[in-house]
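Single-letter residue listing:
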Amino acid sequence: MFFERVIPKLLTWYQQEKRELPWRETLNPYYIWISEIVLQQTRVNQGLPYYFKFVDKFPKIDDLAKAEEEEVLKIWQGLGYYSRARNMQKAAKMIVNTWNSVFPNSFNEIKKLPGVGDYTAAAIASFAFNEAVPVVDGNVKRVFARFLGIHDNIQSSAFQSTVFEHLKEVIPKNEPASFNQSIMELGALVCLPKNPKCESCPMADYCIALRENLQGILPVNKKRTKIKKRTIHYFFITDENENCIIQKRSTDSIWGGLYEFPNVDNEDLIFPNSLFSEVISLKEVNFEVPDKPVGITTHKLSHQNITAVLWSLKSTQLVEKEYFKLVESSSLNNFPLHKLMLKFVEWLEKPKINNGTKII
Ligand code: SF4
């Protein structure tokens, strides 16, 4: 196999150049799992504090299994993709209840855990249990496509299978963990998406992209994501005692399980009067239609560009409902909040004023 020729050099390079990271110093599958899930959403430097917070708060899998969901989401707050945190807790409960708190130790068993796909299962199985199963993430696919000069779309499942099957044949049985780590590390440090550092690459002697000057063309990466534009109106409704109402998002939605102000989608930037009455249906909210919002901000998600408009309304009396929680405005930070809500809360503490409307 073509790839086999560079493996010794690649492994030597990894031993010399690898970054010292806490999850590389452990064989504990639980900690490795946490690191992999955290790193699916963010870069190493931004992910490190989340990893430490998570491990500190839930040092054992039993701690995660028995925690309140809100505690888990609070630690995860800011990372996004909250379904991953909820799935981790589901998986922790499954390990505690089904396997007596013993982490499953093979690729096929690990894959049965909620929220764990091929990549994460392969990472845990190889790093913690030395199973010879290759990891295939974005870094690995980029290195593979360039090194072998492959022009297939790296987003396709066919390409994913090609990489997996090829690497399965060549992965060294005696050091699968180092092999997997070395390709991922090469993608993170040397074979960068833009301006790869071919001059310091241990695979340069046999790399087709380098030989044919294709680094700017490969990998072929055609994403099908269509970006949707949304305008969401949020309602900060307070009573005379400075209480406000918040609601919990359903678990099957983006930001699932996190809290936010009641809200409604509407393209116009004017106050959505009829929609407000429909959605809120709070007789107690004896409000005057505000002529301008008190805050506007924008937020980008992978599939959506959101314009968020914040309206402030006063009520003489608010009561808790099945779907609304009545809380002190000053205690909002005690709840797990999504990024937009964090912006709102930060602004409510320190507003910036621009022509009468606060720009967040
Ligand atoms: S030689 Fe350049 S393009 Fe080829 S694998 Fe190394 S860094 Fe990537």
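From a predicted model like this one, the values you see are computed outputs, not experimental measurements.

### A word on the overall build of the protein chain
Each helix and strand in the protein chain was counted, giving 14 helices and 9 strands. Along the first, second and third principal axes, the C-alpha set of the protein chain runs to 75 × 50 × 35 Å. Taken over 360 residues, the protein chain has a buried fraction of 34%. Sequence-distant contacts, at least 24 apart, represent 67% of the contacts inside the protein chain between residues at least 6 apart.

### Some points on the site of the ligand
The environment of the ligand is made up of 14 residues, and the closest members are Cys 191, Pro 196, Cys 198, Cys 201 and Cys 207. If you list the elements that add at least two residues to the shell around the ligand, you get helix H9 (138–148) and helix H12 (208–211). For the shell around the ligand, the leading source of residues is H9, giving 3 residues. Class assignment of the residues belonging to the shell around the ligand gives a composition of 12 nonpolar, 1 polar and 1 charged.

### Thoughts on unusual backbone geometry
In terms of backbone geometry, most residues other than glycine have negative phi values and most peptide bonds are trans. The peptide bond linking Leu 218 to Pro 219 adopts the cis configuration, its omega dihedral lying at 0 degrees. On the secondary structure map, Pro 219 appears in the loop between H12 and strand S1 (228–238). Residue Asn 130 is not a glycine yet carries a positive backbone phi of 60 degrees. Structurally, Asn 130 is set in the loop between helix H8 (118–129) and H9. The class for Asn 130 is partly exposed, based on 14 C-beta atoms found within 10 Å. The backbone of Trp 255 sits at a positive phi, close to 60 degrees, despite the residue not being glycine. Mapped onto the elements, Trp 255 comes out in the loop between strand S2 (243–248) and strand S3 (259–260). Look at Trp 255 and you get buried, because 21 C-beta atoms sit within 10 Å.

### Digging into the environment of Ile 246
By the secondary structure assignment, Ile 246 is in strand S2. The buried category is assigned to Ile 246, around which 20 C-beta atoms lie within 10 Å.

### Description of the domain arrangement of the protein chain
Entries for the protein chain in the domain assignment read domain 1 (2–211) and domain 2 (228–359). Its C-alpha centre places domain 1 at a distance of 38 Å from the equivalent point of domain 2. Those elements that place two or more of their residues in the side of domain 1 that touches domain 2 are helix H5 (69–76) and helix H6 (82–98). Of the residues assigned to the side of domain 1 that touches domain 2, the class counts are 2 nonpolar, 3 polar and 4 charged.

### Side note on helix H14 (residues 339–349)
Within H14, the full set of buried residues consists of Leu 340, Met 341 and Phe 344. The buried residues of H14 occupy an angular sector of 95 degrees when the element is viewed end-on, so they sit on one face. Turned more than 90 degrees off the buried face of H14, the exposed positions are Glu 346 and Glu 349. Where H14 is buried, its residues touch S1, S3, strand S5 (295–300) and strand S6 (304–314).

Conventions used here
- Residues numbered from 1 in each chain as written.
- Predicted model: local features only at pLDDT ≥ 70, side-chain atom pairs only at ≥ 80, totals over all residues.
- Helix = DSSP H or I, 4+ residues; strand = E, 2+ residues; numbered from the N terminus.
- Buried ≥ 20, exposed ≤ 12 C-beta atoms within 10 Å, placed from the backbone.
- Contact = placed C-beta atoms within 7 Å.
- Near = placed C-beta within 6 Å.
- Nonpolar A, V, L, I, M, F, W, Y, C, P; charged D, E, K, R; others polar.
- Domains from an automatic or database assignment.
- Arc of directions from axis to C-beta.

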